[in-house]
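The lines below spell out each chain.
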Amino acid sequence: MEEKNYYTIDPEGKLTCMKCGIPLIKGKAKFMYLDNGFPVELPVCPQCGFVYVPEELALGKVASVERALEDK
Amino acid sequence: MIIRRTRSVCPVCLKNIPAVLEQEENGRIYMSKTCAHHGSFRALIWQGGMDFTAWSRGGAALAEGQGLDCPGNCGLCGEHESGSCCVLLEVTDRCNLHCRYCFADPKCSAADPSSDPAFEELEGQIRDLAERCGQPLLQLSGGEPTLRDDLPELVRAARSAGCSYVQVNTNGIRLAQDPGYVQALAEAGLDIVFLQFDGTRDEIYEQLRGRALLQEKIRAIENCGRAGIGVTLVPTVVPGVNDRDLGDLVRFAAEHMPDVRGIHFQPVSYFGRIPGNRVAEGSVVGGSDPRGSTLGGIPEERYTLDRLMTDLAEQAGFSTEVFQPSRCDHPLCGFHAQFLVRPGGRLKPLTNISHSSPERGTARDNREYVGRHWRRPEEEAAPAVLRDSELSDEMDFDTFLYCLRHRSLTLSAMAFQDAMNLNIERLHRCTLHVYDRGQIFPFCAKYLTAVAEI
């Protein structure tokens, strides 16, 4: 399916992987909950695979899904 | 082997006495207790089809000297561990059915509304409970609350008093017959109809409720759906009557989602009115249970929470791992599970016991969970990706959130306690409370019914 973006990398290449010292690039990532997958495009390190989750996504959609699935 | 020490009551005189949970080699767990005056009693607590220790999570047992005055000195006291999730208020003693099983054991006559409490009296009680119980979910119950023509005004009063959610506990007969009444309830702010719904076949209603009711139940669901009121189906599960209908109940609910938001199973308990039970006042209600040994009509072979979960999983076609215990109420008091409903009614589980948090939850968390899952969400356009296609295992966050709101189903249960299996440890954590003339009681203390001495 088509990945949905919830952020913009602006400007692209501004973020750097601290471990590898190279710019993050736009790549595919997937959040998982049980056997549900949520594909997104996020800045990833092309060398070590580190995925950067922007604060707006973590505190936005991810938090909304977490709240909706919150246990009784 | 004794696995737990707690306290209970003598089922005959209701005096507080020590009790133990004993596990047999076959995994079955019994509550055993002895009253100095009335002898020894034991009640099946767990059939052994699921791991008791994993489910009950070994929370703290009653401390020495705790629970000695329960439930004789109820309302809620300083020993009570939980706030109010749901508060039940009886608004009439009248009813238009005469069920063989009824926790409230009302006067089963629809006539004479002059016996009802006055609106102004109930309005004052609603304001009082909303303030003292922390703006709970209010369940208007009875008797049959829809026999009151002013029920919409009571719903409005609950809303203006600040109750977080308002629910009506009903057999659905009037909701089926009177769409204008349903609309008035919706406009007054009713969130949830808690619909007595024991099965998908009329024989079940004939046995439990005295007549065929299925078509009326379906009309009630349709009328609530049109008015935007969420419906929770509430079956009383009685072995030999509807315990083989659980899978069909789930399929029915999935087909009627989103009008139906969930099923709340209530395995039969022995209080109020049950066939053969001798109530505290000494009147014999009649009938007897043909299965096994009985005490005042209570069969020794009880329908336990773990048997409900294993039967449900087997009949509906999923694993028992989807069930999670409450983090707020005692784990032996119930379960919950949530599913996405796929085209054709197939269920995709969204819960798993492995995701269950050991941290104690609050009554407020509990209330928000049930409110969120049982009320009907605002109408909104479906995401384009869903319009013609199968629900995928992969979807974007927005589509998933839409599906949680509009294409999900919650299965839950509450196993009420009776005089045979009452566990004070469970009672201390109860969040389902009953308001009665200024006092607040745990549900299972309020409706506790003694069985007569054999």
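All residue numbers refer to position in the chain's written sequence, counted from 1. Labels follow written order: the first chain is A, the first ligand is 1, and so on. It should be noted that, the model being predicted, local features are given only for residues of pLDDT at least 70 and side-chain atom pairs only at 80 or more, the latter also being counted only at that level, while totals for whole chains, interfaces and linings use all residues.

The next point concerns the interface of chain A and chain B. Residue pairs are scored as contacts if the distance between their C-beta atoms, which are placed from the backbone, is within 7 Å. Taken together, the contact pairs 16 residues of chain A with 21 residues of chain B. A helix here means a DSSP run of H or I that spans at least four residues, while a strand means a run of E at least two residues long, and both kinds are numbered starting from the N terminus. Going through the elements one at a time, strand S2 (36-44) and helix H1 (55-68) of chain A are the ones with two or more residues in the side of chain A that touches chain B. Amino acid classes used here: Ala, Val, Leu, Ile, Met, Phe, Trp, Tyr, Cys and Pro are nonpolar; Asp, Glu, Lys and Arg are charged; the rest, including Gly, are polar. Tallied by class, residues from the side of chain A that touches chain B come to 7 nonpolar, 3 polar and 6 charged.

Residue and element names in this part refer to chain B. Segmentation of chain B into domains returns domain 1 (2-73) and domain 2 (86-268 + 303-380 + 391-415). The C-alpha centroid of domain 2 is placed 29 Å from the C-alpha centroid of domain 1. With 9 residues of domain 1 at the contact, the number on the domain 2 side is 10 residues. Sorting the residues of the side of domain 1 that touches domain 2 by element identifies strand S4 (39-46) and helix H1 (52-56) as the ones contributing at least two each. If one sorts the elements of the side of domain 1 that touches domain 2 by residue count, S4 sits on top with 3 residues. The domain boundaries here were taken from an automatic or database domain assignment.

Let us look at the sheet that holds S4(B). Residues and elements named next belong to chain B. Pairing between two strands requires that DSSP report at least two bridges joining them. Strand order in the open sheet formed by 4 strands is S1-S2-S3-S4, with antiparallel pairing between adjacent strands. Single-partner strands in this sheet number two, and they are strand S1 (2-9) and S4. Averaged over all pairs of adjacent strands, the angle between their axes in this sheet comes to 25°, without regard to strand direction. Sheet analysis places strand S3 (residues 29-35) next to S4, joined by 7 bridges and oriented antiparallel. Looking at the pairing, Thr34 lines up with Ser40 of S4. The axes used here are C-alpha line fits, helices contributing only the stretch in contact, and every angle between their N-to-C directions lies in the interval 0 to 180 degrees.

Attention now goes to the packing of helix H5 (residues 179-188) of chain B against helix H7 (residues 214-227) of chain B. Residue and element names in this part refer to chain B. Running from N to C, H5 and H7 point in directions that differ by 45°, and their axes come no closer than 9 Å. One finds that H5 runs oblique with respect to H7. Note that H5 runs across H7; the crossing there is right-handed. Across the interface between the two elements, Pro179, Val182, Gln183 and Ala186 of H5 pack against Asn223, Cys224 and Ala227 of H7. By the definition adopted for this analysis, an angle is roughly parallel if under 35 degrees, roughly antiparallel if over 145, roughly perpendicular if from 65 to 115, and oblique otherwise. Definitions for this section: a left-handed crossing has its near helix turned counterclockwise from the far helix by less than a right angle. A right-handed crossing has that turn clockwise.

Further remarks concern the pairing of strand S7 (residues 165-170) of chain B. All names here are of chain B. Here a residue counts as buried when 20 or more other C-beta atoms fall within 10 Å of its C-beta, as exposed when 12 or fewer do, and as partly exposed in between; the C-beta atoms come from the backbone. Across the 6 residues of S7, 6 count as buried, placing the element largely inside the fold. With 4 bridges connecting them, strand S6 (residues 137-141) and S7 associate as parallel partners. If you follow Leu140 over to S7, its bridge partner there is Val168. The handedness of a crossover follows from its direction of travel: if, with the strands pointing away from the viewer, the path from the first strand over the helix to the second runs clockwise, the crossover is right-handed. For the segment spanning S6, helix H3 (residues 151-161) and S7, crossover handedness is right-handed. With 4 bridges joining them, S7 and strand S8 (residues 192-196) adopt parallel strand pairing. Residue pairing for S8: Asn169 is matched across the bridge by Phe194.

We now examine helix H6 (residues 202-209) of chain B. Residue and element names in this part refer to chain B. For H6, the full list of buried residues reads Ile204, Tyr205, Leu208 and Arg209. When H6 is viewed along its axis, its buried side chains cluster within an angular range of 95° and face the same direction. Against the buried residues of H6 lie H7 and strand S10 (236-237). The positive-phi residue at the C-terminal boundary of H6 is Gly210, with phi of around 95°. When we speak of the arc, we mean the arc of directions from the helix axis to the C-beta atoms.

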